[in-house]
Amino acid sequence: MKCINWGIIAPGHIANKMAEAMFKSKSNLNLNINLYAVASRDINKAKEFSEKWHFEKYYGSYQELINDSKVDAVYIANPHSFHYKTVIDCLEGGKHVLVEKPAACNLTELKQMIEKAKEKKLFFMEAMWTAFNPCIKKVKKIIEEGKIGNIKHIESSFYNRFEKNLNNRFWNPSLAGGGLLDLGIYCIYYALCINNFENIKEHSSNVRLENGVDAWNSVNLIFKNGVTTHFQTAMDISSTTNSHDAVIYGSKGFITSTNFLRQTKAEVYLYKNEKGGEFELLEEINAPFDINGFEYQLIHATEYISKGILESDIHSFQRSIELCEIMDMLRNDWGMKYPFEK
């Protein structure tokens, strides 16, 4: 497999997770990659990051990295309000792209990214690590084997407390802040993944808007196959368990998923009787990450890029589109537009 020279744009918290996955995948999992370049608007930050993770080069602007002909692929980790320009610039510069979720703030942006990738014949994928999670794959296998019967309902929640000021991007509408795109996206994708990306038939939702963004929301979706899902997200309250959990309910039992967005374990229960008030543990699922969970999408993207495959068959363009359509639909219900969309 051809060695892929990876670059990272915007070396913040999430980028550190990917850099760790890159560094350890190369040394521990024999992934044929090179940690080549990192770019930040602050060259000192780029230098510090490159030294920490042993990148060969660092740049004080994104364009300098894009102009480097030795960069094969770029992982983009800046806030999602800047994804559109950064993705288009990278694709125009001939770079394969793995961009943090959400890939785009709306469907118009996303479709333009996809069309540009097709035009330039370059790999492009939204970095939705849920799609590659080994534990979720095992959960899906349990469901496919019919161990908990027919899926009826999927429940999830994602609460975080973020400092309330416009300098914090989560509360800034100009930076596409709000719970839906940062937190709710995980709940939606989890339900889609568990329910094999069935189309949505009906939906309803409630929202509490503050500072022009969704501080709290509660969403119900009904899929065409009758499965329902409900999720809540909040930016001003925290989970009582310091965890973000999900439950998958079936006709014979249920599966509890601890910290579903970074899931490494689950428990499968069966009802003892028709009333369902009593249940017993059938089995435990344990699937610890090899590194930190970011490695699986990295390995997938690297393999496809090296083989000249331009679209993932696991998290495809269509799956990104379906995810984005649901978030656009909900924001439309709430009358919530970002300033740059008006």
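About the cut-offs
- Residues numbered from 1 in each chain as written.
- Predicted model: local features only at pLDDT ≥ 70, side-chain atom pairs only at ≥ 80, totals over all residues.
- Heavy atoms only, no water.
- Buried < 20%, exposed > 50% of the residue type's maximum accessible area, 1.4 Å probe, protein only.
- Helix = DSSP H or I, 4+ residues; strand = E, 2+ residues; numbered from the N terminus.
- Pairing = 2+ DSSP bridges.
- Axes fitted to C-alpha atoms, helices over the stretch in contact; angles between N-to-C directions.
- Parallel < 35°, antiparallel > 145°, perpendicular 65-115°, else oblique.
- Contact = heavy atoms within 4.5 Å.
- Nonpolar A, V, L, I, M, F, W, Y, C, P; charged D, E, K, R; others polar.
- 1 Å grid on protein atoms, 1.4 Å probe; cavity = no way out; pocket = protein on both sides within 12 Å on 5 of 7 lines; lining within 4 Å.
- Points joined across faces, edges and corners; volume = space filled by probe spheres on them.
- Phe/Tyr/Trp six-rings, centres within 6.5 Å; stacked < 30°, edge-to-face > 60°.
- Lys NZ or Arg CZ within 6 Å of the ring centre and 35° of its normal.

S.K.: I would appreciate a short explanation of the pairing of strand 12 (residues 253–257) in the present structure.
M.R.: The two faces of the sheet receive side chains in turn, since in a regular strand these alternate between them. Along strand 12, four of the five residues are buried, which leaves the element largely enclosed by surrounding structure. Looking at chain direction, strand 11 (residues 246–250) and strand 12 are connected through four bridges and run antiparallel. Looking at strand 12, one finds that Tyr249 is bridged to Phe254. Between strand 11 and strand 12, which pair antiparallel one after the other, the connecting turn spans two residues. Here strand 12 pairs with strand 13 (residues 265–271) via five bridges, running antiparallel. From the neighbouring strand, Gly253 faces strand 13, where its bridge partner is Leu270.

S.K.: Looking at this model, I keep getting lost on the packing of helix 4 (residues 83–92) against helix 5 (residues 107–120). Mind explaining?
M.R.: In helix packing, the relevant descriptors are the interaxial angle and the interaxial distance, both defined with respect to the helix axes. The contact between helix 4 and helix 5 brings their axes to 10 Å, and the two run at 5 degrees. As judged from the angle between their axes, helix 4 and helix 5 are roughly parallel. For the pair helix 4 and helix 5, contact is made by His83, Tyr84, Val87, Ile88, Leu91 and Glu92 and by Glu109, Gln112, Met113, Lys116, Ala117 and Lys120, respectively. Per-class residue counts for the contact of helix 4 with helix 5 are six nonpolar, two polar and four charged.

S.K.: So what exactly am I meant to see when it comes to the environment of Ala246 here?
M.R.: Looking at the element boundaries, Ala246 is found in strand 11. A sequence separation of 55 residues divides Ala246 from Ala191, and the C-alpha atoms of the two residues are 9.5 Å apart. Non-local contacts of Ala246, meaning those with residues more than four positions away in its chain, are made with Glu155, Ser156, Tyr190, Ile255, Thr256, Ser257 and Phe260.

S.K.: Even after reading the chapter, I still don't get the sheet that holds strand 10 (residues 228–234), so can you show me in this structure?
M.R.: Strand pairing within a sheet occurs via backbone hydrogen bonds; the two strands may be parallel or antiparallel. Here we have eight strands laid out as an open sheet, ordered 8-9-10-7-11-12-13-14, and mixed in their pairing. Sheet topology places strand 8 (200–210) and strand 14 (279–286) at the edges, where each strand pairs with a single neighbour. Each strand of the sheet is rotated relative to its neighbour by a mean of 10 degrees, with strand direction disregarded. By the bridge criterion, ten bridges tie strand 8 to strand 9 (residues 213–223) in an arrangement that is antiparallel. Residue Val207 lies in a different strand from strand 9, and its bridge partner there is Asn217. Strands strand 7 (151–159), strand 11, strand 12, strand 13 and strand 14 of the sheet are contacted by helix 6 (residues 134–144), whose axis makes an angle of about 140 degrees with strand 14. Here helix 9 (residues 317–334) sits on the sheet and contacts strand 8, strand 9 and strand 10; the angle it forms with strand 8, its principal contact strand, is near 55 degrees.

S.K.: Mind showing me how you'd approach the layout of surface pockets here?
M.R.: Where empty space is left can be seen by rolling a probe of water-molecule size over the atoms. Of the voids in this model, the largest pocket is the one considered here, and its volume is about 900 Å³. Lining the largest pocket are 36 residues, and of these His13, Ile14, Arg169, Phe170 and Asp182 sit closest to its centre. Among the elements of the structure, helix 1 (13–28) and helix 7 (179–194) are those that each provide at least two residues to the lining of the largest pocket. It is helix 1 that provides the largest number of residues to the lining of the largest pocket, a total of four residues. Each residue belonging to the lining of the largest pocket can be placed in one class, and the counts come to 18 nonpolar, ten polar and eight charged.

S.K.: Just checking my understanding: could you explain the packing of aromatic side chains for this structure?
M.R.: The description of an aromatic ring pair uses the distance of the two centres, along with the angle that the planes make with each other. Applying the stated criterion to the full structure yields 16 aromatic pairs. An angle of 70 degrees between the planes, with centres 5.4 Å apart, marks the rings of Tyr189 and Phe197 as edge-to-face. For the pair shown, Tyr189 and Phe197 are each scored as buried. Ring pairs connect the aromatic residues Tyr249, Phe254, Tyr269, Tyr271 and Phe279, which therefore count as one cluster. One Lys or Arg, Arg41, reaches over the ring of Phe82 and ends 5.8 Å from the middle of that ring. Over the ring of Phe170 we find Arg169, and its NZ or CZ is 4.3 Å from the ring centre.

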